[in-house]
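Overview (structure and organization)
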Amino acid sequence: PVKWAHSTSTMADTTKDDTGSLKEQLAKVFEVSLKVTVPDEPEVLPLIAPCSRKEAGDYQCNNAMSLWSKIKGKGTDYKGPQPVGQAIMRNLPASDMIESCSIAGPGFINVKLSTQWIAKSIQKMLIDGIDTWAPKLPVKTAVVDFSSPNIAKEMHVGHLRSTIIGDTLARMLEYSKVDVLRRNHVGDWGTQFGMLIEFLFEKFPDGKVNDQDIGELEVFYKASKQRFDGDAAFKERAQQAVVSLQGGEEKYRKAWAQICEISRKGFEKVYQRLGVHLEEKGESFYNPFIPGTLDLLRQKGLIEESEGAQVIFIEGKKIPLIVVKRDGGFNYASTDLAALWYRLNEEKAEWIIYVTDVGQREHFEMFFTAAKRAGWLPTDENKHPKTSHVGFGLVLGDDGKRFRTRSTEVVKLVDLLDEAKTRCKAALVERGKAAEWTPEELEQTAEAVGYGAVKYADLKNNRLTNYTFNFDQMLNDKGNTAVYLLYAHARICSIIRKSGKDIEELKREGQIKLEKDEERKLGLHLLQFPEVVEEACTNLLPNVLCEYLYDLSEKFTSFYSECQVVGSAEETSRLLLCEATAVVMRKCFHLLGITPVYKI
Ligand code: ARG
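Analysis parameters
- The residue numbers shown here count from 1 along each chain, following its written sequence.
- Owing to the predicted nature of the model, reporting of local features is limited to residues with pLDDT of at least 70; listing and counting of side-chain atom pairs is limited to 80 or more, with chain, interface and lining totals taken over all residues.
- UniProt positions are given in the numbering used here, feature names are shortened, and annotations may be inferred rather than shown by experiment.
- The way it works is that DSSP assigns letters per residue, a run of H or I at least four long becomes a helix, a run of E at least two long becomes a strand, and they are numbered from the N terminus.
- Put simply, a residue is buried when 20 or more other C-beta atoms lie within 10 Å of its own C-beta and exposed when 12 or fewer do; between those, it is partly exposed, and each C-beta is set from the backbone.
- Think of it this way: build a C-beta for each residue from its backbone, and any pair within 7 Å is a contact.
- Two strands pair if DSSP finds at least two bridges between them.
- Lines are fitted to the C-alpha atoms to define the axes, a helix being fitted only along its stretch in contact, and any angle between axes, read from their N-to-C directions, falls within 0 to 180 degrees.
- As used throughout, a nonpolar core is a set of buried Ala, Val, Leu, Ile, Met, Phe, Trp, Tyr and Cys residues joined through C-beta atoms within 7 Å of each other.
- To estimate the expected span of a helix, count its residues, drop one, and scale the result by 1.5 Å.
- Starting at the helix axis, one direction is taken to each C-beta atom, and the arc is that of these directions.
- Segment limits for the domains were obtained from an automatic or database-derived domain assignment.
- Polar here means any residue other than Ala, Val, Leu, Ile, Met, Phe, Trp, Tyr, Cys and Pro, which are nonpolar, and Asp, Glu, Lys and Arg, which are charged; Gly is therefore polar.
- Contact assignment follows one rule, namely that a residue is near a molecule or strand if its backbone-placed C-beta atom lies within 6 Å of it.
- The predictor's confidence in any single residue is recorded as pLDDT, a number from 0 to 100.
- Clockwise travel from the first strand over the helix to the second, with the strands pointing away from the viewer, marks a crossover as right-handed.

- Labelled according to an unreviewed UniProt entry, the protein chain appears under the name arginine--tRNA ligase, originating from Helianthus annuus.
- UniProt annotates the protein chain under Catalytic activity (unreviewed entry) with the comment "tRNA(Arg) + L-arginine + ATP = L-arginyl-tRNA(Arg) + AMP + diphosphate".
- As stated in UniProt under Sequence similarities (unreviewed entry), the record for the protein chain gives "Belongs to the class-I aminoacyl-tRNA synthetase family."

Pasting the structure below:
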C-alpha cells in the first residue's frame, strides 16, 4: 500500500479548530482535501468511519468510490477511484491528528491517528472537563414526552421503561446543550373521570376525602368500574358527571383535582426513587387548545365527516384518525394534535420526542402525517422541526409472557425497586460491608446499585426488542450489568486513592503517554465518547451508550492486566489514564441516570 506521512504535505494547517468529536475533527481535515481534489463538487461531505479492520488503521475515509461515480465521464483527468483516493490523500493538509495514511482497495484511505495527539486530547479533557466533549446537535429546544402514566391507574412496567428511556434521552440532549422540556403527558382527562367522580360522591357525600380514604387508587378505579358496569342508573349519572366536569362545574372540578392529586403523589414517589425529574402537562392542559387546533386543520381541508365522527384520512391506512367522536367528544388523538400545535408554536420546540411502547406506533405515525399535511412539519425527515416516536418492546417474565407478579396484577414499580435494593443490600452484607461501612453508606450503595441495575438491564437492550426481567441476571456482578460496571468504576477509584497521589497535581504537571498497545486502545476508545453520545442521541438509542461503556470497562481491564500502574516507571501517565477512564465512566453513568459508587 501507498504510505503517506503528514510531514510531507506542504499545505498550511487550516484545521486549528479542535472542537467536536474525533470523527468531526478528522472530517474537517478531509473536507479541506476534498475541496482541492474535486473543486467542481463543493458539496461533497467527508465520509469518515472507524476502520472495519483494526490492523488497517483507526479511521477510514470512504469518499473515493462515490466521488468517482459522480465525476467519471464528465471530462475528469482521474482514471478511477484509486487515483481519486490517492489525490485525496496527497491533498490532505498538515494535521497533528494524523500519523500516517495508506490506501486500500478501490481508494479507501486508512488513517492511523497520532498516538501523541490522542494522549494530548485526553489530557486536555482532564483539565478542561468532560463537558467540553459534549456533542453539538442541530437543535436548540426539544420536548421529551415520557413516562406519562394515567391517573387512577397504577404505573406499570411499560411506564417504567418509558421513564427510564425518556430520562436518558433527555439527559443526553441536556448534555449536548439542548434546552429540554421534560413533559409528563399524564392521562388526566377522559370519560373515565365521570365514573370516578360519581363513585367518590357516593362514598363521600360531603365531597371531603383524604388520601388514606381512597387508599389504593387502582382499587378505587376497579370498584367504580364495577359500579359503572353493574348499575344503569349509576352509569347515567357518571355520563352526566363528565358533562358537568367538562362544563367546568366547580364541585366536579374539585373532585377531579383531588383524584389527580392522589395519583400524582404516587407517581412522585417513583420519580424520586429513580432520580427522574419531569414537568407535568397532562392531557387536560391541552384541552382548551383542541377546538382551535381542529379549526386550523379544518381550514386546510384535512377533516372530513365519516359515520358521524370527524376524521382525518391518512394515505395507506385503512382506518382514519378520529379527532371528534360521534358523541362530539375529543379523544387521545385530538389531544395529541393540540399538544403538538402548542409545542411547536408556544414552546418553539424543534424536536419533539415521544417515548411509548411500540403498540402506539400507528397512532403517532398517523398524527405526524396529519401535521405534515397541514404544513406544521417539513416532509423532509432531516429538517427541523421534527417529531420522533421512540417505541419500545415488552418486558417479559421468566415464563416468556408479559411480566406480572404472582397475583397476575401488573407489576408495581415501587415493589420492583424495593426488591432490587434489598437484594443488593443482602449481597453487600454477605461481602462483609455491614461491618466496614456506616449504615448510610450501605443504604446508599444498595440503592445506587439496585436502581442502577434495573435501569441498565432495560437500557442495554435495543429498545425495540422485548426483554426478560430477571433479578439474578441484572444483579450479577459479572457480565454486562450495572453491578459489574459500578464495581469496575469503584476499583479504578480505589487504584487512584491507594496511589496516594494528588490527581489534580498530576493533571497539571504530568503527561499521558500511550506506549503499550493496550494503553493506546484504551486512549482511542476514550476519545470516541463524544461521537458515541452523538450517535445515541441522534438515533435515540441508549443501548449504543451502554455498549460503549461495557467496552470501555473491558478495555480498561486489558490495560490494567498488561500494565502495572502504581509503583511503575509510567505511574503518572497510567494514573491519569485511570482518572480519564473514571471520568468518562461517570459521565456515562450520569447520562444513563445511574448513580456511581466510589468504593466497594
Ligand atoms: N398516557 C399514555 C399511556 O399510558 C401515554 C402518553 C404518551 N404521550 C402522548 N403524547 N401521547 O399509554
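Having seen the structure, we can now continue with the description.
**Topic: the overall build of the protein chain**
- Of regular secondary structure, the protein chain possesses 24 helices and 15 strands.
- If you line up the protein chain on its principal axes, its C-alpha atoms span 90 × 75 × 40 Å.
- In the protein chain, which comprises 600 residues, the proportion classed as buried is 41%.
- Contacts in the protein chain between residues far apart in sequence, at least 24 positions, make up 73% of those at least 6 positions apart.

**Remarks on the sheet that holds strand β10 (residues 309–312)**
- On the basis of which strands lie adjacent, the open sheet formed by three strands has the order β9-β10-β11 and antiparallel pairing. For this open sheet the edge positions go to β9 (303–306) and β11 (321–324), each flanked by a neighbour on one side alone. Strand-to-strand twist across the sheet, computed as the mean angle between neighbouring axes with direction ignored, equals 45°.
- Two elements, β9 and β10, share four bridges in a ladder whose sense is antiparallel. Bridging from a neighbouring strand, S306 pairs with A309 of β10.

**Some words on the UniProt feature "domain: Arginyl tRNA synthetase N-terminal" (unreviewed entry) in the protein chain**
- Sites flagged by UniProt as "domain: Arginyl tRNA synthetase N-terminal" (unreviewed entry) map to residues 20–113.
- Across residues 20–113 one finds 37% helix and 20% strand; the C-alpha atoms that close the span lie 16 Å apart.

**Side note on the UniProt feature "domain: DALR anticodon binding" (unreviewed entry) in the protein chain**
- Here the UniProt feature "domain: DALR anticodon binding" (unreviewed entry) sits at residues 485–600.
- Helix makes up 74% of residues 485–600 and strand 0%, and the two end C-alpha atoms of the span are 12 Å apart.

**A short note on the environment of E280**
- Relative to the elements of secondary structure, E280 occurs in strand β8 (residues 279–280).
- In the structure, E280 is positioned 95 residues away from H185 in sequence and 6.4 Å away in space, judged by C-alpha atoms.
- Those residues in contact with E280 that lie beyond four places of it in its chain are N184 and V186.

**Concerning the nonpolar core**
- Counting residues in hydrophobic clusters, the biggest one holds 137 residues, and the most contacted among them are I353 and A453.
- The element that contributes the greatest number of residues to this core is helix α24 (residues 571–592), accounting for twelve residues.
- Once you skip the residues sitting within four places of it in the chain, I353 turns out to touch A142, V143, V144, D145, L169, S388, V390 and L540.

**Details of helix α15 (residues 413–430)**
- With 18 residues, α15 should cover 26 Å at 1.5 Å per step; its first-to-last C-alpha distance of 26 Å lies within 8% of that length.
- L413, L416, A420, K421, C424 and L428 are the residues of α15 that are buried. Down the axis, α15 shows its buried residues gathered within 130° of arc, on one side only. Residues of α15 that are exposed and point more than 90 degrees away from the buried face comprise D415, T422, A426 and E430.
- With its phi angle positive at about 80°, G432 sits one or two positions after the end of α15.

**Quick word on the domain arrangement of the protein chain**
- Splitting the protein chain by domain gives domain 1 (3–113), domain 2 (141–185 + 282–350 + 359–384), domain 3 (192–275) and domain 4 (413–592).
- Using C-alpha coordinates to define each centre, domain 2 is positioned 26 Å away from domain 3.
- Contacts between the two partners involve seven residues from domain 2, matched on the other side by eleven residues from domain 3.
- Its residues assigned to classes, the side of domain 2 that touches domain 3 comprises four nonpolar, one polar and two charged.

**Quick word on the site of the ligand**
- Surrounding the ligand, one finds D145, S148, P149, N150, H185, G187, D336, A339, Y354 and T356.
- When residues of the shell around the ligand are traced back to their parent elements, those giving at least two are α13 (332–345) and β12 (351–357).
- Here the residues of the shell around the ligand sort into three nonpolar, five polar and two charged.

**Focus: the confidence of the model for the protein chain**
- Looking at the protein chain, the pLDDT average stands at 92 and 95% of residues meet or exceed 70.
- Per-residue pLDDT stays below 50 along residues 5–15; that stretch engages in 20 contacts with residues further than four places along the chain or on separate chains.
- Per the prediction output, this complex has pTM 0.93; the corresponding ipTM is 0.99.

**Considerations on the pairing of β12**
- Across the seven residues that make up β12, a large majority, six, are buried.
- Pairing between strand β6 (residues 141–145) and β12: four bridges, direction parallel. Along β12, the bridge assignment pairs A142 with W351.
- Here seven bridges tie β12 to strand β13 (residues 386–392), and the two strands are oriented parallel to one another. Across the sheet, T356 pairs through a bridge with G391, a residue of β13.
- Following the backbone out of β12, through helix α14 (residues 361–373) and into the adjacent parallel β13, one traces a crossover that is right-handed.

**What about helix α8 (residues 217–230)?**
- Under the 1.5 Å per step criterion, the end-to-end length of α8 is 20 Å for 14 residues, consistent within 8% with the ideal 20 Å.
- Restricting attention to buried positions, one finds in α8 the residues Y221, S224 and F228. Down the axis, α8 shows its buried residues gathered within 75° of arc, on one side only. Exposed side of α8, more than 90 degrees from the buried face: V219, D229 and G230 are the residues found there.
- Lining the buried residues of α8 we find α6 (192–203) and α9 (232–246).

**Some details on the sheet that holds β13**
- Ordered in space as β8-β7-β6-β12-β13, the five strands form an open sheet in which the pairing is parallel. Every other strand in the sheet has two partners, leaving β8 and β13 as the edge strands with one partner each.
- Each of β6, β7 (179–184), β12 and β13 is contacted by helix α5 (residues 157–175), which is oriented at about 155° to β12, the strand it contacts most.

**A few points about the environment of P530**
- Mapped onto the secondary structure, P530 falls in helix α22 (residues 529–538).
- In the structure, P530 is positioned 508 residues away from L22 in sequence and 7.6 Å away in space, judged by C-alpha atoms.
- With residues near it in sequence (within four places) discarded, P530 still touches S21, W133 and P135.

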